[in-house]
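# Understanding the architecture of this molecule
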Amino acid sequence: MTLASAVDVTRRYGAEIALAGVSLDIQPGELIGLLGPNGAGKSTLVNLLAGLRRPSSGTVTLFGGDPREPARRQHIGLTPQETGLPPTLRVGECIDYVAAHFDNPLERDEVLTRFGLNGLVKRQAGGLSGGQKRRLAIALAFVGRPRLVFLDEPTTGLDVEVRHVLWDVIRAFHAEGGTVLLTSHNLEEVEALATRVIVLGAGRILADDTVSAIRGLVGVHRVSMASTPLPRLRGVVSTSESDGRLHLLTPDPDQLVRDLVTATVPFRDIEIRPTTLEEAFLQLTAA
Amino acid sequence: MSLVLTNARFHLLETLRVPIAVLGSTFFPAASMLFFVVPFTGDDPAGATFATASMVTFAVMTSNLFGYGVGVAADRAEPWDPYTRTLPAGPGPRFGGRIIAGLAMTFLSLLPVFLIAAFLTAAHTTVAGLLLGVGAAFVAAVPFTFMGLAIGYALPMKAALAVAQIIFFPLAFLGGLLSAPRQAPSFVEAVAPYLPTRGAVELMWAAVGDFPLRPLSVAMLGVWTVAAGAMAAWAYHRDEGRRFR
């Protein structure tokens, strides 16, 4: 059963087009990374799927119905922006408030433990640190035992330790069969978590595939080595230098290595790997 | 129903945790009593009673128009508001919770008015009259609550504040809140029955003193209540949160 879908969805704000004919299905058990530069339409897409906005044309479905009907939202979870937590309410009260909306919510103590919020129950949300606010915001998405969770930039700007705690929570949810749509600028996060990547640019889906397929889409490899300046070589898309190493991007790394050997270039510590998602992403959205 | 109470509880918690806001909302009606009723009604019990009832109606109207109009518009500008709209509940519990919290705050802000009327003026009513008056105040609060909600959901905060300011004074003056019963200028007497303030204040007057209700005013209060309710529902449905361009 498809959990959520968009069919030929267009959304305009006045004359501006935020989404132009977008179609996608979200199947149970997927962990989807939604990537795109600012203004690509990521938030609009999430808002449509969560019933916050209506499409200008096209159809959005959530659990088989209109996401604007409250009952359809019984099995989804979203994060508020951490800047938007009600500052005077205590941590426990925020959790209770959200839990009151669901048929079968998690116990409050379980939420507190899972997200490392024990000991903060009585603290007002306005007095939490940035990392604590973010943990609370993400915890709220899971309070209703959702089947589909929308996470918006879940760990951007957090320190590595907190980030890994949250990644583990997301992975555990996914391992138990949960479905996640993750919006992020952070490609490392998407690479670490996602099984499927959707790249959005200027309101259109530019790519929708597995992480490795997206990388392969650009068909470029990165060849790095320590070397003296190189002669001109065929098939090199770009050259850069960092930490005393040269980095070459090429569609045919095998041929490049043969050419390096033939040209008797004194290279060492050669390393060849597929482009990162980031490199693929930059190439896709620049096109 | 329990979600209504949950919403009411959290609204009240949010308000009561900022004590100065509570003080602010109780100050205005109390000060109005001290400045406009206590010095002018002397030892005329009927006059003082009617004037107190008018002041209560005035306070109920302003606190609801501004409380909901500006309060809702301000909340909508916060990211918490769109988040709550993704929770599996329609507008009913949120409206209901807001209204119960608003009534509780209105009642709290009227306590000093009752005390001032009882001890510093000649105002007089029976226990039944007082209870009826409280009931009338709650009924009178409903249309202004809906108007406030309509303003708050339809407009951004600064516009909501301006609109509430623009409509509250004509409603008060033309509805006859600023005059004793039957002593308003004739053009006010002519238009008053068609305004919600008139029906509201007539309910109050009839509750606490000897005043015959006019069916037209009461019917128009009903019409305003239904119309304002429909506007509030419409404004809520078309609202998709604030968007900046």
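Source: prediction; values computed, not measured.

Further remarks concern the interface of chain A and chain B. For interface size, the figure often reported is the accessible area lost on association. Contacts between chain A and chain B engage 33 residues on the former and 25 residues on the latter. Here chain A meets chain B over a buried area of about 2,800 Å², counting both sides, of which 59% is carbon and sulfur. Contact with chain B buries area across many residues of chain A, yet Leu 52, Tyr 97 and His 101 of chain A alone supply 25% of it, more than any other trio. Applying the counting criterion to the chain A and chain B interface returns one salt bridge. With a shortest N-O distance of 2.8 Å, Arg 17 of chain B and Glu 93 of chain A are connected by a salt bridge. Where chain A meets chain B, there are eight residue pairs in polar contact (both at pLDDT 80 or more). Of the residues in the side of chain A that touches chain B, the class split is 15 nonpolar, nine polar and nine charged.

Here the focus is empty space enclosed by the protein. Overall, the coordinates contain one cavity of 30 Å³ or more when judged by the stated rule. What lines the largest cavity is Ile 76, Gly 77, Leu 78, Phe 102, Leu 140 and Ala 141 of chain A together with Tyr 83, Thr 86 and Leu 87 of chain B. Contributions of two or more residues to the lining of the largest cavity are made by strand 5 (76-78) and helix 4 (130-142) of chain A. With three residues, the top contributor of residues to the lining of the largest cavity is strand 5 of chain A. Within the lining of the largest cavity, the residues separate by chemical class into seven nonpolar, two polar and no charged.

According to UniProt, the feature "domain: ABC-2 type transporter transmembrane" (unreviewed entry) maps to residues 5-204 of chain B in the numbering used here. Between the C-alpha atoms that bound residues 5-204 of chain B the distance is 28 Å, and the span itself is 82% helix and 0% strand.

Before going further, it helps to spend a moment on the UniProt feature "transmembrane region" (unreviewed entry) in chain B. According to UniProt, the feature "transmembrane region" (unreviewed entry) maps to residues 20-38, 50-74, 95-121, 127-152, 159-178 and 216-236 of chain B in the numbering used here. Across residues 20-38 of chain B, helical content stands at 100% and strand content at 0%; the span's end C-alpha atoms are separated by 25 Å.

This paragraph deals with the sheet that holds strand 5 of chain A. All names here are of chain A. Spatially, the six strands line up as an open sheet ordered 5-6-7-3-8-9, and their pairing is mixed. Pairing within the sheet leaves two strands with one partner each, and these edge strands are strand 5 and strand 9 (204-209). On average, adjacent strands in this sheet sit at an angle of 15 degrees to one another, irrespective of strand direction. Relative to strand 7 (residues 179-184), strand 6 (residues 148-152) runs parallel, the two being bridged by five bridges. Across the sheet, Leu 148 pairs through a bridge with Thr 179, a residue of strand 7. Across the sheet, helix 5 (residues 160-175) lies against strand 3 (31-35), strand 6 and strand 7, angled at about 145 degrees from strand 7, the strand it touches most.

Now for the sheet that holds strand 1 (residues 4-13) of chain A. Residues and elements named next belong to chain A. Judged by pairing direction, the sheet is antiparallel, and its three strands sit side by side in the order 2-1-4 without closing on themselves. Edge positions in the sheet fall to strand 2 (16-26) and strand 4 (57-62), since each of these pairs with one other strand and no more. Averaged over all pairs of adjacent strands, the angle between their axes in this sheet comes to 25 degrees, without regard to strand direction. Bridge count between strand 1 and strand 4: five bridges; the pairing is antiparallel.

Here we come to the nonpolar core. Among the nonpolar cores identified, the biggest contains 77 residues, and Val 98, Phe 115, Leu 136, Leu 140, Leu 148 and Leu 151 of chain A are the most heavily contacted of them. With sequence-adjacent residues up to four places away left out, Leu 136 of chain A is seen in contact with Leu 85, Val 91, Cys 94, Ile 95, Leu 117 and Leu 128 of chain A.

Once that is clear, we can look at the packing of helix 9 (residues 196-208) of chain B against helix 10 (residues 215-238) of chain B. Residues and elements named next belong to chain B. Relative to each other, helix 9 and helix 10 sit at 125 degrees, their axes nearing to 8 Å. In terms of their interaxial angle, helix 9 and helix 10 are classed as oblique. The crossing of helix 9 and helix 10 is left-handed. Contact with helix 9, carried on its side by Pro 196, Arg 198, Gly 199, Ala 200, Glu 202 and Leu 203, involves Ser 217, Leu 221 and Trp 224 of helix 10 and no other residues of that element. Considering only residue class, the contact of helix 9 with helix 10 consists of five nonpolar, two polar and two charged.

Parameters and conventions
- Residues numbered from 1 in each chain as written.
- Chains lettered and ligands numbered in written order.
- Predicted model: local features only at pLDDT ≥ 70, side-chain atom pairs only at ≥ 80, totals over all residues.
- Heavy atoms only, no water.
- Contact = heavy atoms within 4.5 Å.
- Buried area = accessible area lost by both parts, 1.4 Å probe.
- Salt bridge = Lys/Arg side-chain N within 4 Å of Asp/Glu carboxyl O.
- Polar contact = N/O pair within 3.5 Å; in protein donor to acceptor, adjacent residues only side chain to side chain.
- Nonpolar A, V, L, I, M, F, W, Y, C, P; charged D, E, K, R; others polar.
- 1 Å grid on protein atoms, 1.4 Å probe; cavity = no way out; pocket = protein on both sides within 12 Å on 5 of 7 lines; lining within 4 Å.
- Points joined across faces, edges and corners; volume = space filled by probe spheres on them.
- Helix = DSSP H or I, 4+ residues; strand = E, 2+ residues; numbered from the N terminus.
- UniProt positions renumbered as here; feature names shortened; annotations may be inferred.
- Pairing = 2+ DSSP bridges.
- Axes fitted to C-alpha atoms, helices over the stretch in contact; angles between N-to-C directions.
- Core = buried A, V, L, I, M, F, W, Y, C linked by side-chain atoms within 4.5 Å.
- Buried < 20%, exposed > 50% of the residue type's maximum accessible area, 1.4 Å probe, protein only.
- Parallel < 35°, antiparallel > 145°, perpendicular 65-115°, else oblique.
- Left-handed = near helix turned anticlockwise from the far one by under 90°.

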